[in-house]
Every structure is written in C-alpha cells, then in structure tokens.
Amino acid sequence: MRLGRSKRSARPENVRDASGSGDLQGKHTRPRPPKRWFWLVRVLLSLFIGGEIVAVHFSGEWFVGSVWTNTSYKAFSTERVQARVGLNVGLVGFNVTLRGTPVKQLNETIDYNEQFTWRLDEDYHLEYVRALERGLPDPVLYLAEKFTPRSPCGLYRQYQLAGHYAAATLWVAFCFWVLSNALLSMPAPLYGGLALLVTGAFALFSVFSFASISSVPLCQFRLGSAALTPGYGVSFWLTLATGILCLLLGGAVVLLHYAWPRALRVVLDQNAPDCGSQARAGSPLLLSNPLHQQFAPPDFKTTTKL
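Residues numbered from 1 in each chain as written. Predicted model: local features only at pLDDT ≥ 70, side-chain atom pairs only at ≥ 80, totals over all residues. Heavy atoms only, no water.

Chemist: Please set out the packing of aromatic side chains residue by residue, giving values where relevant.
Modeler: Taken as a whole and judged by the stated rule, the model has 23 aromatic pairs. Seen in terms of ring centroids, Phe147 and Tyr159 are 5.6 Å apart; in terms of plane orientation they differ by 75 degrees. Their pairing is edge-to-face. Here the residue Phe147 occupies a position in the loop between helix H4 (138-146) and helix H5 (155-184), and Tyr159 occupies one in helix H5, the gap between them amounting to twelve residues. Taken together, a centroid distance of 6.0 Å and an interplanar angle of 90 degrees make the contact between Trp171 and Phe174 edge-to-face. With a gap of three residues between them, Trp171 and Phe174 both fall in helix H5, about one helical turn apart. We classify Trp171 as partly exposed; its relative accessible area is 35%. (Phe/Tyr/Trp six-rings, centres within 6.5 Å; stacked < 30°, edge-to-face > 60°. Helix = DSSP H or I, 4+ residues; strand = E, 2+ residues; numbered from the N terminus. Buried < 20%, exposed > 50% of the residue type's maximum accessible area, 1.4 Å probe, protein only.)

Next comes the structure, spelled out in structure tokens:
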C-alpha cells in the first residue's frame, strides 16, 4: 500500500492579486476635478473667515469719517490751513489724520497721523496730556478731547466698553472657527457645521456690541468751516457679512447632513468605502493581504493503491 499526497493551491478564490487590487485602488483614489474645486472653495472660504476675524480686530475702520476744511492750525492763533481731517475708530482706540492741501503750508509739513488707545489697562487721559505737551495741531487735539473721560459727550466710556466686548466676542469666534476646521476635516461634519453656526453667532455679537454706540447721542465735530460726520466703516460691514456667511455655511452643512449625507461627503471629500453596504449587496469583500495565503488551511487528497 502506498500513500500519495498531493497539495492543492491554498489560495482562496475570493482573494484577488495584489497588483490587480492596487490598480483598482489607484483608479478609485485618483482625484477628480470636481473634488479639487470643492476642496479649493473650502480652503478659500475658511481662510477668508479666519483672516477677516483676525484682521478686523486690529483694524481702525469700524467707525470712520473725513472732511475737507479750512481750519485753525494752532491754538490761540489766527493762522488757518486747508487740510483733510480724518477720524478712524477701532476696537482698541482711534486714529486722527491731518494732511494739508498742499502739504507744505506756513513753512511746515502738515502731515499728522496720531494714534490714541483706550485699553482697559491703560490711561487714556495720560495720552491726551502727552499730546498737549507735544503741541499737536488744533484739529487733532480737538478730536482727541472729545474722547476724554471728562468730556460731556460721554464717548470714551461707551466706545471703550463696546470695543472691549466686541474684541472679546471676536476672539471667541476665532476659537470656534479653528474648531470647525478640525471637525470638518474629520468624519464629524455635523459638529463642524454647529461650530460654524457658533462662529457666525459670535461674529454677529461683536457687531451688535459695537453698534451699541449708536445709542449715545453723537457730538457734532465742528472743524473750521465744515462738520465731520462719521459712520460705520469697512470692518463693521465686513464682520457683519462674515457672520451671516458663517451662519449660511453652518446651516447648509447641518441641512446636508440630515437630508443629503452622500452629497455632503462629496463636498467634504470624505467618500470612504462603505463595507456594510457592500456586504448587503451580496458581493464578497476583496482581501489583498498576502498573509492570508500563508495561513490558509491546505487541502489534502489521499489515495490508496493495493
């Protein structure tokens, strides 16, 4: 009696060749042009929102105004100059500009750009005293005096508190913007959309905080032969638009998450293979790991010859 043993191939039929699966994976992971455009739009919108929140915090274009006038140049002097006077109010202070037309007048160069701050840890009155000691032109000192704490206009306290709360809410909005980017980069689009909604809400809170200055009767800024009437500037309207944009984007993400989740995954480039749906469809899972070949049970065939 002779026993013979023949070993069949232990390779399962449902395991595809590694090279073939690599080709298929390469075909499926090849980026498509629409996804590239979606990714580009996402990046540009995100950079715009984050850059705008940081930029307007340090901007002085929240409340602006300018006027061309014929005004006195120095206090207790009859000399007058033709100049353009500008007022730019920000969250942490204001800026006064005085530029002559022409610049050379009265044997001097009339071109001033003075910054005054009102942070909580600084004394604005000391800055005003230093401006008096430096002998700045009369239009600059006139506008700076309107914002002193002892001025009957009451602008200092209102602008200081409005700017302080607006700056604080903007930093909170920036933190939620960073959080939304992190969540949208992970498989958590719903929470990323909610973070965008909170970002827009705090951006609008900063706008409403600064808009509270409108409740204070604005003193008339009379500069020589003209009156300076400021209004809301570019930073104010840009922050308002950014807050509305964040609300729209966050609402769209939440809506797509519940109504069209597949479309949301396409927009966020999160099209991961769904193994559960593949198994429910009845198609076998393809395994390309070569280690499966080593541990597969061999198939023996025993023959007996008498």
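Chemist: An account of the pattern of salt bridges is requested, with residue identities and associated values reported.
Modeler: Under the counting rule described, the total for this entry stands at two salt bridges. Where Arg99 meets Asp111, a salt bridge forms, and the shortest distance between an N and an O atom there is 2.8 Å. With Arg99 in strand S4 (residues 93-105) and Asp111 in strand S5 (residues 108-117), this residue pair connects regions lying twelve residues apart in the sequence. Glu114 serves as the salt-bridge partner of Arg134, at 3.1 Å between the closest nitrogen and oxygen. Here Arg134 is found in helix H3 (residues 124-134), whereas its partner Glu114 is found in strand S5, with 20 residues between them in sequence. (Salt bridge = Lys/Arg side-chain N within 4 Å of Asp/Glu carboxyl O.)

Chemist: Before we move on, could you go through the side chain of Ser59 and cite the residues and values that matter?
Modeler: When you line up the elements, Ser59 lands in the loop between helix H2 (33-57) and strand S2 (63-72). A polar contact is formed between the side chain of Ser59 and the side chain of Ser235, at a distance of 2.7 Å. Each residue touching Ser59, except ones within four places of it in the same chain, is listed here: Gly90, Leu91 and Ser235. (Polar contact = N/O pair within 3.5 Å; in protein donor to acceptor, adjacent residues only side chain to side chain. Contact = heavy atoms within 4.5 Å.)

Chemist: Give me the lowdown on the nonpolar core, citing residues and values where you can.
Modeler: If you look at the biggest cluster of nonpolar residues, it comprises 49 residues, and the most contacted ones within it are Leu87, Val89, Phe94, Phe116, Phe147, Tyr159 and Phe210. Among the elements that make up this core, the one with the highest residue count is H5 (nine residues). Those residues within four positions of Leu87 in sequence are excluded, and the remaining contacts are Phe63, Val64, Gly65, Phe94, Asn95, Val96, Phe147, Phe221 and Leu228. (Core = buried A, V, L, I, M, F, W, Y, C linked by side-chain atoms within 4.5 Å.)

Chemist: Talk me through the pairing of S2; I want residue IDs and the actual numbers.
Modeler: Relative to strand S3 (residues 80-89), S2 runs antiparallel, the two sharing ten bridges. By the bridge assignment for S3, Asn70 is matched with Gln82. (Pairing = 2+ DSSP bridges.)

Chemist: Hey, could you go over H3 for me, with residue numbers and the actual values?
Modeler: Among the residues of H3, those classed as buried are Tyr124, Glu127, Tyr128 and Ala131. All buried residues of H3 project into a common sector of 100 degrees when viewed along the axis, lining one side. Following H3 by one or two positions, Gly135 has its phi on the positive side, about 70 degrees. (Arc of directions from axis to C-beta.)

Chemist: Before we move on, could you go through the packing of H5 against helix H6 (residues 189-211) and cite the residues and values that matter?
Modeler: One way to put it is that H5 packs onto H6 with a least axis distance of 8 Å and a crossing angle of 170 degrees. Comparing the axis directions of H5 and H6 gives the class roughly antiparallel. Here the hand of the crossing between H5 and H6 comes out left-handed. (Axes fitted to C-alpha atoms, helices over the stretch in contact; angles between N-to-C directions. Parallel < 35°, antiparallel > 145°, perpendicular 65-115°, else oblique. Left-handed = near helix turned anticlockwise from the far one by under 90°.)

Chemist: Summarise the environment of Val140; cite the residues concerned and give the values.
Modeler: When you line up the elements, Val140 lands in helix H4. As for Val140 and Glu114, which are separated by 26 residues in sequence, their C-alpha atoms are 7.8 Å apart. Sequence-distant contacts of Val140, that is, excluding residues within four places in its chain, are made with Val96, Leu98, Glu114 and Phe116.

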